[in-house]
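Chain and residue survey
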Amino acid sequence: MGSQRRDLQEELKIINQAKKDPEVFGILYETYYKEIFIYINKRVDNLSVASDLASQVFLKALTHLPNYEFKGFPFSSWLYKIATNQVNQYFRNSKNKRVISIQDFYVNRLFAELEDRNDVRQKEQTPLLVRLLNQLNEQELQILELRFFEEKAFKEVAYILDITENNAKVKTYRIIEKLKKMAENLEPPQHNDIFSVVATLFLLGKCLFNML
Amino acid sequence: MENEENKYQININKPVPSDQEINQFKNFNRVMQQYKRRTGHRKMQPNFLQRMNRYIPVLILAIIVLIMVFIFRLVNEKKNNGQTAPSPKIETPVQE
C-alpha cells in the first residue's frame, strides 16, 4: 500500500513536469501504451483500429494534461476514461459490432458471483454467459467488463465511467440480479441435441431401408 | 461464437497481441507531432483576438444593431419627406 502511494507520488511528479514540458509525457506513454492498447483491442478486435484509437487517447491526454486533476488514482485511470469514451465514439460512428473479450478464468469468477447458478456445469457456463451478455446494454456491459474482466475497484470504475461510487455499486448489484433472473429463464444449451437428431435420422434411414 | 442474433461479437480465450505486435504501433514522435500541430495552430491566433475573444460576439451584434437603426432612420426619413413635400403639379398647356 505504502509503495503504491509512493509510486503515485512519483507519477504525479512526472505529470507535473509533463505539464511544463510535453516531452516528459513520453515516460507516461511508454508506461501505459501496452495496457491501453490491449484494453482498446479487446473491444474492437482490430490491431490497426486499436493503434489509431490508442494514439488518439494519448494525444487527447497530452492536449488536456493542464486540466488533469489528481484524485488518488493512477494516471492509467484517466487514460482508461479517455479510452472508454474514444471506443464509444468509434462504435457510434461505425457499423462494426462491439467486441467482448473474455477468458475462462473470468467466466468462473462471474459465475461464482451468480451464486444461484452453481448448478451450471463448467462446460455450460461459457455458452450460457454468451447468451446472457447479449441481453445487456452498453453501459451495463461496461460496468461488468471493468469490474469483473479488468478487475477494477468500484472507486475506479466510478471514476472511469463518470458516476459516483455508490451508483457503480448499485448498478453492479442490479446487473448481477438481472443476470441471475435471465439465467433462470434461459435453459442451458443441450449438448446432446445434435446427437439425438443424428440418432433419429439414422433410425429413420434404417426403417426406410428395411421397408424397401 | 458469433450468431446473427448476437448483439456483440464475443471472443473467448483469444490470445492477447504479443509485445512485438504492439510495439510496431508504438510511436510517441507521431503523437508529439500531432500535439505540436494542434497547439501551434492555437499560437497562430493573434493575441488581440485571443484577448477580445469574449467581446467579439457582442461587438458584432452591436454593429449589426447600429446598421439596422441607421437603415431604419434612412427609410423613415425618406417616407416623411415623401409625405410632407407636395408633388409638383404638372400643368398641361391649354390648346387654343
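Everything here concerns the structure above.
The following refers to the structure shown. Since we're looking at a predicted model, the values are computed, not measured. (Residues numbered from 1 in each chain as written. Chains lettered and ligands numbered in written order. Predicted model: local features only at pLDDT ≥ 70, side-chain atom pairs only at ≥ 80, totals over all residues. Heavy atoms only, no water.)

Here's the deal with the overall build of chain B
Our working definition: By the criteria applied, helices consist of DSSP H or I runs no shorter than four residues and strands consist of E runs no shorter than two, each listed in order from the N terminus. Under the scheme applied here, a residue whose accessible area is under 20% of the maximum for its type counts as buried, over 50% as exposed, and between as partly exposed, the area being computed with a 1.4 Å probe on protein chains only. Here the Shrake-Rupley method, with its probe set to 1.4 Å, supplies the accessible areas, and only the displayed protein chains count as covering residues.
Scanning chain B from N- to C-terminus turns up four helices and one strand. Reading the secondary structure of chain B in the N-to-C direction produces β-α-α-α-α. Within chain B, the fraction of its 96 residues that count as buried is 12%. Just so you have it, chain B exposes about 9,300 Å², and 57% of that area is on carbon and sulfur atoms.

Regarding the pattern of salt bridges
Residues and elements named next belong to chain A. Keep this limit in mind: Any carboxyl oxygen of Asp or Glu within 4 Å of a side-chain nitrogen of Lys or Arg constitutes a salt bridge here.
Evaluation of the coordinates by the stated rule reveals 14 salt bridges over all chains. Among the ionic pairs, lysine 42 bridges to glutamate 150, the shortest N-O distance being 3.4 Å. In this pair, lysine 42 sits in helix α2 (residues 25-44) while glutamate 150 sits in the loop between α7 (138-149) and α8 (154-161), placing the two residues 108 residues apart along the sequence. For glutamate 145, the salt bridge goes to arginine 43, with nearest N and O atoms at 3.4 Å. With glutamate 145 in helix α7 and arginine 43 in helix α2, the pair connects residues that are 102 residues apart, well separated along the chain. Since its relative accessible area comes to 4%, arginine 43 is described here as buried. Through salt bridges with shared partners, a single ionic network connects Lys42, Arg43, Arg98, Glu138, Glu145 and Glu150.

A few points about empty space enclosed by the protein
Residues and elements named next belong to chain A. What counts, and what does not: Of the grid points, spaced at 1 Å and generated over the protein atoms alone, those admitting a 1.4 Å probe that cannot get out make up cavities, while open sets with protein on both sides within 12 Å along at least five of seven lines make up pockets; any residue with an atom within 4 Å of a point is treated as lining. Grid points are joined across faces, edges and corners, and a volume is the space filled by probe spheres set on the points.
Under the criterion given, the structure shown has one cavity of 30 Å³ or more. In this structure, the largest cavity encloses a volume near 30 Å³. Around the largest cavity sit Lys42, Arg43, Ser101, Glu145, Phe149 and Glu150, which together line it. Listing elements by their share of the lining of the largest cavity, those giving two or more residues are α2 and α7.

Side note on the environment of A:Phe75
Residue and element names in this part refer to chain A. Under the convention used in this document: Whether two residues are in contact is decided by their heavy atoms: any pair within 4.5 Å suffices.
Looking at where phenylalanine 75 falls in the secondary structure, it is placed in helix α4 (residues 75-93). Under the relative-accessibility criterion, phenylalanine 75 is labelled buried at 0%. In this view, phenylalanine 75 contacts Glu11, Ile15, Phe25, Leu28, Tyr32, Leu65 and Tyr68; residues no more than four positions away in its chain are not counted.

What to know about the packing of aromatic side chains
Formally: Two rings from Phe, Tyr or Trp (for Trp, the six-membered ring) form a pair when their centres are within 6.5 Å of each other. A pair whose planes differ by under 30 degrees is stacked, one over 60 is edge-to-face, and the rest are tilted. Charge-over-ring placement is defined geometrically: NZ (Lys) or CZ (Arg) within 6 Å of the ring centre, and within 35 degrees of the ring normal.
In this structure the tally under the stated criterion is 16 aromatic pairs over all chains. Here a set of aromatic residues connected by ring pairs shows up, and it is made of A:Phe25, A:Tyr29, A:Tyr32, A:Tyr33, A:Phe37, A:Phe58, A:Tyr68, A:Phe75, A:Trp78, B:Phe25 and B:Phe28. When the ring centre of A:Tyr159 is taken as reference, the NZ or CZ atom of A:Lys81 above it lies at 4.4 Å. One Lys or Arg, A:Arg147, reaches over the ring of A:Phe154 and ends 4.1 Å from the middle of that ring.

A few points about the interface of chain B and chain A
Often, the extent of an interface is quoted as the loss of accessible area on bringing the components together. Where we set the bar: A simple way to read buried area is as the amount of 1.4 Å-probe accessible surface that goes missing from two parts once joined, with both sides added.
Each partner contributes to the interface: chain B provides 30 residues, whereas chain A provides 38 residues. Overall, the association of chain B and chain A removes approximately 3,300 Å² of surface from exposure, summing both partners, and the carbon and sulfur fraction of that is 60%. Counting the surface chain B buries against chain A, the share from its top three residues, B:Tyr8, B:Phe25 and B:Phe28, is 21%. On inspection of chain B and its partner chain A, the count reaches four salt bridges.

Points about unusual backbone geometry
One non-glycine residue, A:Asp162, adopts positive backbone phi at about 60°. With respect to the secondary-structure elements, A:Asp162 resides in the loop between α8 and α9 (165-185). A positive phi angle, near 60°, is found at B:Asn13, a position not held by glycine. Note on placement: B:Asn13 falls in the loop between β1 (9-12) and α1 (19-25).

Details of a nonpolar patch on the surface
Quick reminder of the rule: Residues enter patches when their relative accessible area tops 30% and they take part in no salt bridge; the joining distance is 9 Å for like charges and 5 Å for the nonpolar side chains Val, Leu, Ile, Met, Phe, Trp and Tyr.
Side chains of B:Leu59, B:Ile63, B:Ile67, B:Phe70, B:Ile71, B:Leu74 and B:Val75 sit close together on the surface and give an oily, nonpolar patch of about 670 Å² of accessible area. Position of B:Phe70 among the secondary structure elements: in helix α4 (residues 56-84).

What about the packing of α2(A) against helix α3 (residues 47-63) of chain A?
Residues and elements named next belong to chain A. To keep things clear, this is the line we draw: To obtain an axis, a line is fitted to C-alpha atoms, over the contacting stretch when the element is a helix, and the angle between two such axes runs from 0 to 180 degrees between their N-to-C directions. Our angle categories are set so that under 35 degrees counts as roughly parallel, over 145 as roughly antiparallel, 65 to 115 as roughly perpendicular, and the remainder as oblique. By convention the crossing between two helices is left-handed if the near helix lies anticlockwise of the far one by an angle smaller than a right angle, and right-handed if it lies clockwise. Residues are sorted three ways: Asp, Glu, Lys and Arg are charged, Ala, Val, Leu, Ile, Met, Phe, Trp, Tyr, Cys and Pro are nonpolar, and all the rest, Gly among them, are polar.
Contact geometry of α2 with α3 gives a least axis separation of 9 Å together with a crossing angle of 140°. Of the possible angle classes, the one that applies to α2 and α3 is oblique. When you trace α2 past α3, the crossing you get is right-handed. Between α2 and α3, the residues in contact are Phe25, Leu28, Tyr29, Tyr32, Tyr33, Ile36, Phe37, Ile40, Asn41 and Val44 and Leu47, Val49, Ala50, Ser51, Leu53, Ala54, Val57, Phe58, Ala61 and Leu62, respectively. The residue makeup of the contact of α2 with α3, split by class, is 18 nonpolar, two polar and no charged.

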